[in-house]
Structures are given as structure tokens and as C-alpha cells.
Amino acid sequence: MTIEGWTQTLGAGPLLGIAAAAILVLLFLIIKLRVHAFVALILVSLLTAFATGIPAGDVVSTLTQGFGSTLAAVALLVGLGAMLGRLVEISGGAKVLADTLIGRFGEKHAPFALGVASLLFGFPIFFDAGLVVMLPVVFAVARRLGGSVLLYGLPAAGAFSVMHVFVPPHPGPVAAATFFEANVGYVLLIGLIIALPTWYVTSYLFGRWAGRKWDLPIPNLLGRADEQHEANPPKFGTVVALLLLPLVLIFLNTGLSTLSEAGVLPEGSADAGWFQLLLAIGSTPVALLITLLVAVLTIGTGRGMEKSAVEQTLEGALGPVSSVILITGAGGMFGGVLRTSGIGDALESSLTGLGIPLILAGFLISSIIRVAQGSATVALTTTAGLLSSAVLAADLNEMQLAAMVIAVAAGSVIASHVNDSGFWLVGRFFDMDVKTTLKTWTVLETLIALMAFALAAVVYLLASIG
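Basis of the calculations
Residues numbered from 1 in each chain as written. Predicted model: local features only at pLDDT ≥ 70, side-chain atom pairs only at ≥ 80, totals over all residues. Heavy atoms only, no water. Helix = DSSP H or I, 4+ residues; strand = E, 2+ residues; numbered from the N terminus. Rg over C-alpha atoms; globule rule 2.2 N^0.38 Å. Buried < 20%, exposed > 50% of the residue type's maximum accessible area, 1.4 Å probe, protein only. Contact = heavy atoms within 4.5 Å. Lys, Arg positive; Asp, Glu negative; His and termini not counted. Charge placed at Lys NZ, Arg CZ, Asp CG, Glu CD. Axes fitted to C-alpha atoms, helices over the stretch in contact; angles between N-to-C directions. Parallel < 35°, antiparallel > 145°, perpendicular 65-115°, else oblique. Left-handed = near helix turned anticlockwise from the far one by under 90°. Expected span 1.5 Å × (residues − 1). Polar contact = N/O pair within 3.5 Å; in protein donor to acceptor, adjacent residues only side chain to side chain. Nonpolar A, V, L, I, M, F, W, Y, C, P; charged D, E, K, R; others polar. Patch = residues over 30% accessible without salt bridge, like charges linked within 9 Å, V, L, I, M, F, W, Y side chains within 5 Å. Areas by Shrake-Rupley, 256 points an atom, 1.4 Å probe, with all protein chains shown as cover. Salt bridge = Lys/Arg side-chain N within 4 Å of Asp/Glu carboxyl O. Phe/Tyr/Trp six-rings, centres within 6.5 Å; stacked < 30°, edge-to-face > 60°. Lys NZ or Arg CZ within 6 Å of the ring centre and 35° of its normal.

Asker: Now, about the overall build of the protein chain: what can you tell me, with residues and values included?
Answerer: When you go through the protein chain residue by residue, the secondary structure sums to 20 helices and zero strands. At 22 Å, the protein chain has a C-alpha radius of gyration in line with the 23 Å of a compact globule built from 466 residues. The dimensions of the protein chain, computed from C-alpha atoms along their principal axes, are 65 × 55 × 50 Å. Counting only residues that meet the buried cut, the protein chain has 55% of its 466 residues in that class. At a minimum sequence separation of 6, the contacts of the protein chain that also span at least 24 residues come to 83%. The positive charge centre, built from 20 side chains, and the negative charge centre, built from 25, are 15 Å apart in the protein chain.

Dropping the structure here:
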């Protein structure tokens, strides 16, 4: 958000100090004083807005816009996804998937199987929507085998994260590729080559270690199936088809958008009615709505469940996730205040003249913007726009350009913490307190960023030699 007629007069040093102080105060309120995260985030957002000099008349609108824009992206996805997840859980569908995964991969490899399934689902589907859809399966496997929810949840969550950040057709890498005039095909290839080993080390292996260190119970966020439904569950193929349906629908949107931007489709296709209709059907909220309606007809009323029981099941899904939605929105509010205050812009200008290698500059600038204001998308697109002229002037080959995209994307995911709405989403879904979320999810995201950047730098150097 930009405020008309107002210009930030504070320098990078004071702004960085205010941001650091705000984060420390927030952590103190939540961890030490046990203030509810929703209240603490609103309070610190308000104080930060005044401290950074945002005009008093624009403070409330700045807070509400950050809150509202985050809810616009999250509330529908979490609400519809939770309804779908609860219906899959209550009908016995999650148990069928869990039993099948365990039967085919074995109990020892169940976390790996959940991660691989999430990698596949994460190809076209966004992080938050994919995680919500997979949660009932993750929880069902965890209940069946026992152990910490982190053992099963982190490999799945990490899989959605690496796919969302590094692999087209997700918007972040596509936007960076557009700024750098990189070939999306090369970005896809290099993104997969880097994302897969990065997931294995930073999400699967780290998830196994974290699951042994923190023994967290399985949340009852999505309820439990009763004995009748577990004894007569829907067919495995039906449940898999339901989980694949949003993937296919969303791919209509992301896939067609990528093909259009790459010039593969005939000229004028993007303005055609059929194209716009498919984009609308493939938008994540619409795709989840369609999937939910199909689920009601196939594993709900279609299998003898009373209409009132289906209604109660869907209604019961919203209560537990309302806290998730509100806290996530408040996290977006805090990030919005930091963006509006100009902290990211000040840090950009202070880093551009340091004379460091281009690929390292991309990673560092993206990392600092990410840590300062929380949004991975803002960090990635801002950095790509900032460096686009330098990248184009450097006359890099296609492999180097793809590596640059991945390096900037790696920086944009580092150190997910209290100003990132995703931090609150994961923490609340796994029923973790702030301290544990910092020790697990924040560390996992940082490991993803560092390993992915290291691999991208290797690709960049090899491509420059070749």
C-alpha cells in the first residue's frame, strides 16, 4: 500500500531498528506475557505504524488493508479446504488413504510417501490450499502409526513450500522469469532439479529429526470419523479422484497462464471467452468450491449421509479454523505495515551498490526484504524488478538466468517468522506455540533457502564455465 502525499523520511538504520524492536516486542508479548497472538499482532502493528511515521489518519486504513488483503487470499482457501478436509476425514476417506499409503510404502516410509504425494499435489496447487487439502491424510496416517505430528506434517508442508517457491507454473518463479527474460522451460527444469533434493534434506530428513525431538500430539482440527464410517469408508479411487480434482482444475489456471505468457497459445487466446472462463474455473477458491460440492455428492449424501449430518459436518469445520484465519490475517496486517512504512525499499537501496556477485546480491536482497516484511511474493518480485536491468545487461545464458530466478526465489522463503502469514498458518494447523514454530518451521524454511541457493550457485558457476 502506498499513501498519497506521504514520503518516508527515516533512513534504513532507524527503520531496521524499528522493525527489529517490533518483532522482539511481539515475541515478548506472545511468549513471555502469554498475550493472545491475534491481539498481540494488532497491537504491535498499530505501534509500528506510528513509530515509522505513517500519518495518523492513514494508520487504521493501513492496518485494515493489510488484514483484508491477507484474508482475501487465505480465508476462502482455509474455509473451503477445512470443509473438504473434515468431510474426507468424517466419511472415513482419510483412513482409506492412510491405510493404502501405509500398505504400499510400509510404516517406516509413511512420512516419505506423504511428502512425495505432496510434491505431486504441489505442482499446480498453491502452498496454503495444498496443505489444507492434505491435512486429513497427514493426521490420519499419524493417528494410525503414532508419534509426533511433525514427523508426518513437516515433510508434507515442506514439499508444498519448495514446489510453490521454485517451480513454475507458480506465480513467484514465473514473475521472476518474466523480469529476467528467462526461459520458463529452463526455470522449470532447474527448479525441479533443485527442489527435489532440497525437499529431501530440509523437509523429509529434518522432519524425521524434529519428529523425534518434539513429540506433539495429533490435532483434532478436522474431527474424527466414527466407527460406522470407518467400517464402511468410500473407495480409495473415489477419495484420490477428489484430491486430484482441485489439482486438475487449478492447473487449468496456472497451466494456461504459463502457456499464454510463453507465447505457446495462438495470439489473442488470452482475450477469448473460453480462456477467461477456464481461468475462473481454475482459480483456487472456485476449484475448491467445485471439489467440495462434488465431495458432498460422492462421499456425503451420495453414500447415505443425511443432509443435516453433512451440514453439521461442514459447519463444524469452520469453528476450529476461525482462529487460524484471524491470526493469519493479523500476521498479514503486521507485514503490510512493514511494507507500507518503506522498510523494504530502504534496505534495497542500501544493498544495491555493494559490488557483490549478481547471484549473491539477488539472494541477499530477497532475503532481507523477506525478513523485513514477511511476504515471499513481495520479496521475490521486488528483487527481480530491482535487478532486472543488471541481469539483462550481464548477457547471461539460459541456464544462468534460470539459476538467478531460483537464487532470488530462495531468498524469498528464508526465515519465515512472525510477520509472515504462512508462519501462523502452519503453527496453528499443527497446534504449535510460537516458540516451537520458530524452532521447527522457521528453521525448515531457512534450510530450504540456504540449500536451494547453494545448488543454484553451483548451476550458475557451471553454466558460466560451459
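Okay, back to it.
Asker: Pulling in residues and values, what's your account of the environment of Pro285?
Answerer: Among the structural elements, Pro285 can be located in helix α13 (residues 284-300). Counting along the chain gives 22 residues from Pro285 to Lys307, while the straight-line C-alpha distance between them is 23 Å. Residues within four places of Pro285 in sequence aside, it is in contact with Leu76, Leu77 and Leu80.

Asker: Hey, could you go over the packing of helix α11 (residues 236-261) against helix α12 (residues 273-281) for me, with residue numbers and the actual values?
Answerer: Running from N to C, α11 and α12 cross one another at 135°; their axes reach a closest spacing of 7 Å. Between α11 and α12, the angle falls in the class oblique. Like other packed secondary-structure pairs, α11 and α12 cross with a definite hand, here left-handed. Facing Leu249, Leu252, Asn253, Leu256, Ser257 and Ser260 of α11, the residues of α12 in contact are Phe275, Leu278, Leu279 and Ile281.

Asker: Could you give me a rundown of the environment of Ala210, with the residues and numbers involved?
Answerer: Topologically, Ala210 is positioned in helix α9 (residues 184-213). Of the residues examined, Ala210 reaches a relative accessible area of 0% and is grouped as buried. The residues contacting Ala210, other than those within four sequence positions of it, are Leu150 and Leu154.

Asker: Give a detailed account of unusual backbone geometry, specifying residues and quantitative values.
Answerer: Both trends apply: most residues other than glycine have a negative phi, and most peptide bonds are in trans. Positive phi, normally seen in glycine, also occurs at Glu181, with a value near 55°. By the element assignment, Glu181 lies in the loop between α8 (171-180) and α9. Taking the relative accessible area as the measure of exposure, Glu181 reaches 55% and is therefore exposed. Of note in the backbone geometry, Asp395 takes a positive phi value of approximately 55° without being a glycine. Structurally, Asp395 can be placed in the loop between α17 (376-393) and α18 (398-411). When its relative accessible area of 69% is taken as the criterion, Asp395 is described as exposed.

Asker: Give a detailed account of α18, specifying residues and quantitative values.
Answerer: For α18, with 14 residues, the first-to-last C-alpha span of 20 Å sits near the 20 Å given by 1.5 Å per residue. Within α18, twelve of the 14 residues are buried, which leaves it mostly tucked inside the rest of the structure. Among the residues of α18, Gln400, Leu401, Ala402, Ala403, Met404, Val405, Ile406, Ala407, Val408, Ala409, Ala410 and Gly411 are the ones counted as buried. The backbone nitrogen of Met399 lies 3.2 Å from a side-chain oxygen of the residue at the head of α18, namely Asn397.

Asker: Would you mind going over the packing of helix α4 (residues 93-105) against helix α6 (residues 127-145) in detail, with residue names and values included?
Answerer: For the pair α4 and α6, interaxial distance at closest approach is 8 Å and the crossing angle is 65°. The way α4 lies across α6 gives a crossing that is right-handed. Residues Ala94, Lys95, Leu97, Ala98, Asp99, Leu101 and Ile102 of α4 lie in contact with α6, whose contacting residues are Pro136, Val137, Ala140, Val141, Arg144 and Leu145. Its residues assigned to classes, the contact of α4 with α6 comprises ten nonpolar, no polar and three charged.

Asker: Which residues make up a positive patch on the surface, and what are the values?
Answerer: Residues Lys32, Arg34, Lys213, Lys435 and Lys439 make up a contiguous surface patch of positive charge. The exposure class assigned to Lys435 is partly exposed, which follows from its relative accessible area of 41%.

Asker: Describe the side chain of Thr440, and please don't skip the residues or the numbers.
Answerer: Within the secondary structure layout, Thr440 lies in helix α20 (residues 434-465). Residue Thr440 is classed as buried on the basis of its relative accessible area of 0%. A distance of 2.7 Å separates a polar side-chain atom of Thr440 from the backbone oxygen of Thr436.

Asker: Explain the packing of aromatic side chains to me, and be specific about the residues and the numbers.
Answerer: Scanning the model with the defined rule gives 13 aromatic pairs in all. Where Phe112 meets Trp199, the ring centres are 5.8 Å apart and the plane angle is 50°; that geometry is what we call tilted. Of this pair, Phe112 sits in helix α5 (residues 110-121) while Trp199 sits in helix α9, and the two are 87 residues apart along the sequence. For Phe112, a relative accessible area of 28% corresponds to the partly exposed category. Each ring, one from Phe363 and one from Phe453, has its centre 4.2 Å from the other, and the planes form 15°; the classification is stacked. Within this pair, whereas Phe363 is found in helix α16 (residues 358-373), its partner Phe453 is found in helix α20, the two being separated by 90 residues in sequence. For Phe363, a relative accessible area of 6% translates into the label buried. Within the aromatic cluster, the residues linked to one another by ring pairs are Phe112, Trp199, Tyr200 and Tyr204. When the ring centre of Trp214 is taken as origin, the NZ or CZ atom of Lys213, which lies over that ring, is 5.5 Å away.

Asker: Outline a nonpolar patch on the surface, listing residues and values.
Answerer: Together, Tyr200, Val201 and Leu205 give the surface a local cluster of nonpolar side chains, amounting to about 240 Å² of exposed area. Within the secondary structure, Leu205 is located in helix α9.

Asker: Can you break down the pattern of salt bridges residue by residue, with the values?
Answerer: As enumerated under the stated definition, the model contains two salt bridges in all. A salt bridge links Arg370 to Asp420; the shortest N-O distance between them is 3.2 Å. Placement of Arg370 in helix α16 and of Asp420 in the loop between α18 and α19 (421-429) is noted, with a sequence separation of 50 residues between them. Taking the shortest distance from any N to any O, the salt bridge between Arg370 and Glu445 comes out at 3.9 Å. With Arg370 in helix α16 and Glu445 in helix α20, this pair connects stretches of sequence that are 75 residues apart. Summarising the burial analysis for this pair, Arg370 and Glu445 share the class buried.

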